[in-house]
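# Notes for the structure review
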Amino acid sequence: MKSKRWVWAAVVALLAVQIVQTALVVHRESLTFDEGDHMFAGYMMWHSGDFGLNPEHPPLVKLLAALPLLGRDLWIPPAQNRDFKIEAYLNGRDWLARNDGASQRLVFRMRLMAGLLALGLSLVVFFAAREWFGTAAGLMGMVLVTFDPNVLAHSALVTTDVGVSMFFLASIYAFYRYVKQPSMQRLLMAGVVAGLLLATKHSGILLAPMLVLLIGWEIACAEKGERGKVALRLSGAFAAIVVVGVLVLWAFYGFRYAARPAGLALSTTVADYVKPLSRFNAGAVMLIAHLRLLPESYLMGLVDVKRMAQFYPTFIFGKIHAHGVWWYFPAVIVIKTTLGLLALLAVSLFAIATRRLRKGRELVYVLTPAAFYLAVAIAAGMNIGARHILPVYVFAFILAAGGVAALGAGSRNWAWAGAGLVVAHVVSALMVFPNYMAYANEAWGGPANAHNLLSDANVDWAQQLYQVKTWQDQHPGNECWFAYFAYPEIDPAVYGIHCKHLPNIDTFWLGGADVIPATISGDVFISAGDLSGCEWSSTRQNPYISFQSLKPDAMIDYGVMVYRGTFEVKQAATLSRVQNAYELLRQGKAPEALALVREAVGIDPQDLTSQTALGNVAAAMGQKDEARTAWMAALALAQRLDADEGRGQVRELEKKLGKQ
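Throughout what follows, the structure given in this document is the object of discussion. These numbers come from a predicted model, not from an experiment.

Now for the overall build of the chain. From N to C terminus, the chain includes 28 helices and seven strands. Reported as C-alpha extents along the three principal axes, the dimensions of the chain are approximately 80 × 55 × 55 Å. Considering the chain as a whole, with its 660 residues, one finds that 57% of them fall into the buried category. Of all intrachain contacts in the chain linking residues separated by at least 6 positions in sequence, the fraction that spans at least 24 positions is 74%. About 26500 Å² of surface is accessible on the chain, with carbon and sulfur atoms providing 61% of the total.

Have a look at this one:
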């Protein structure tokens, strides 16, 4: 009895530590890139049953986060019938700015609700590891979760990564419990948890092939005379889990196919949105849509995942790749995992190889989902953060704990060695507190070097605006310029930061950058994401590449670099004019747009983007000769690029010239 009390006291203590850490971390962080979008979408789901504002992700996390807002009569920005992503991001920005501002009181409450999923993750790790490998493994696994920098970085953010990690493990664990001791209650639980997984993130559909692999293993390991019965029972169980899971998913959409309530429609149809996909994928989605097997909003999200993976560039080890690279996530694991955890995993593999860890079925249930998920992530080509493989980490915690617990049970030396590695894991994480987002282990130079190796949510997810404001208040007087990774989706002015907005890739599509001179003076703030150029398809397109060779005067939370002085920014100057010219053209102000792109070409005639834009704007005004001259100049510049980068631009320019 006393031992049980000690175990539960340890569990409660670890949960308390986790709560304190996550609350402190998110209380000091400004909005991260996707949160405003998720929060606004969640509020509108409760408010008017609108599932079309953020179909990229299923509803569960958004609905959970928005619970504290129930009954509150908040201002809602008027719909402007823009592309659904633009509508959700920009209306979400305006909604939070008007109702919450820099105080982030509502944001903090929503984050704490999302943080409940992180506590659930710790508990599921404890229960699964304890049942699979013993109480010592359960507690050790929970310690690894509680102090893992990648988990802590995302624990209380209103995003889907922690939630999907919890429900993946819970789904595999629930299925294991059913297989071990079949009952209707356990089968129903497995189906409900699978439904919660599907309602959390679209990658939840990977549970189906994982279960198929596990069922195949169970059949192969059954006695010959029993294999048929095992196959029939588990196939039936799989079908039941699918049916119950899909019903749970439908429940989160109110059992309504249409993404938006009566009188509203998505900015594009499923049929139009699938067009860039392969014939097979498009056909499968349209068949499901025709039969209405899944909600419209959920289908749009599945398509969006496939579309995003087709073009998203990759930044790793200081280089931009126009597409995904297979070794990205293995490299991320080596960089973003504590050395203590890596050593624990090596010890666990040793325990398996020497047969000190002999839990065959349990190891299969740990290793199969983790390996399958990692393989899919590698193949998918969407290389933007360790958060995308958090489910792999969850199974790694259990594997590490199980192996060390098995070795420690038979040897005091192994027990001490394992304890030392767990302490190393904890200390490494605490050394970067509270800036867990930018964690990199000591072998790679720590968080101060992370921005040179990786990008996006590995380092800078636009969470440092409070700290930028503090630095600015401590260094008043200079004019300031800000290349901010999440602008214009998040406006620094809401936090009291009033700088000229330098252009980035999002201002290209959403507008908002200021027209800037070719030489600027004062304080220049550059987010790590913009410094790396991670969203551009090539290093050449990065307007801030010249800053990479400069030592910043200050580094704010490892994610915003500060440069003080006078700097030539010709590429940013031309880009700002091109972006504003396109916005003027959309507004019907063609003469003003033409004047701006001519300025851009005047600043740098060798700039491909400016020459292309001049051709486009001139063509829109019917000035065919000027358009052709600009496009010819752009084509000559594009042909100098390497094949990977220039092929698409050459093809597009040749197409434009062919129509002349």
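Having seen the structure, we can now continue with the description.
A few words on the environment of Ala 457. As for its position among the elements, Ala 457 is in the loop between helix 20 (447-453) and helix 21 (465-474). Sequence spacing of Ala 457 and Gly 385 is 72 residues, and the spatial spacing of their C-alpha atoms is 5.4 Å.

Our next topic: the nonpolar core. Core analysis: the largest hydrophobic core is formed by 147 residues, its most contacted members being Trp 132, Leu 169, Ile 172, Ile 398, Val 524 and Phe 547. Beyond its immediate stretch of four places on either side in the chain, Leu 169 contacts Val 124, Val 125, Ala 128, Trp 132, Val 394, Phe 395 and Ile 398. Within the second largest apolar cluster, 55 residues are counted, among which are Leu 53, Trp 95, Ala 429 and Trp 471.

Let us look at the sheet that holds strand 4 (residues 500-501). Taken in spatial order, the five strands make up an open sheet running 4-3-5-7-6, and their pairing is mixed. Strands with a single pairing partner mark the edges of an open sheet, and in this sheet they are strand 4 and strand 6 (554-556).

A few words on the state of the cysteines. Counted by the stated rule, this structure contains one disulfide. Residue Cys 480 pairs covalently with Cys 499 via a disulfide, S to S 2.0 Å. Classification of the bridge connecting Cys 480 and Cys 499 rests on its S-S torsion, roughly -105°, and on that basis the disulfide is left-handed. In this pair, Cys 480 is assigned in strand 3 (residues 480-483) and Cys 499 in the loop between strand 3 and strand 4, connecting sequence segments 19 residues apart. Judged by relative accessible area, Cys 499 falls into the buried class, the value being 11%.

Reading guide: rules and limits
- Residues numbered from 1 in each chain as written.
- Predicted model: local features only at pLDDT ≥ 70, side-chain atom pairs only at ≥ 80, totals over all residues.
- Heavy atoms only, no water.
- Helix = DSSP H or I, 4+ residues; strand = E, 2+ residues; numbered from the N terminus.
- Buried < 20%, exposed > 50% of the residue type's maximum accessible area, 1.4 Å probe, protein only.
- Contact = heavy atoms within 4.5 Å.
- Areas by Shrake-Rupley, 256 points an atom, 1.4 Å probe, with all protein chains shown as cover.
- Core = buried A, V, L, I, M, F, W, Y, C linked by side-chain atoms within 4.5 Å.
- Pairing = 2+ DSSP bridges.
- Disulfide = S-S within 2.5 Å.

In short, the description is geometric, and any link to function would need to be established separately.
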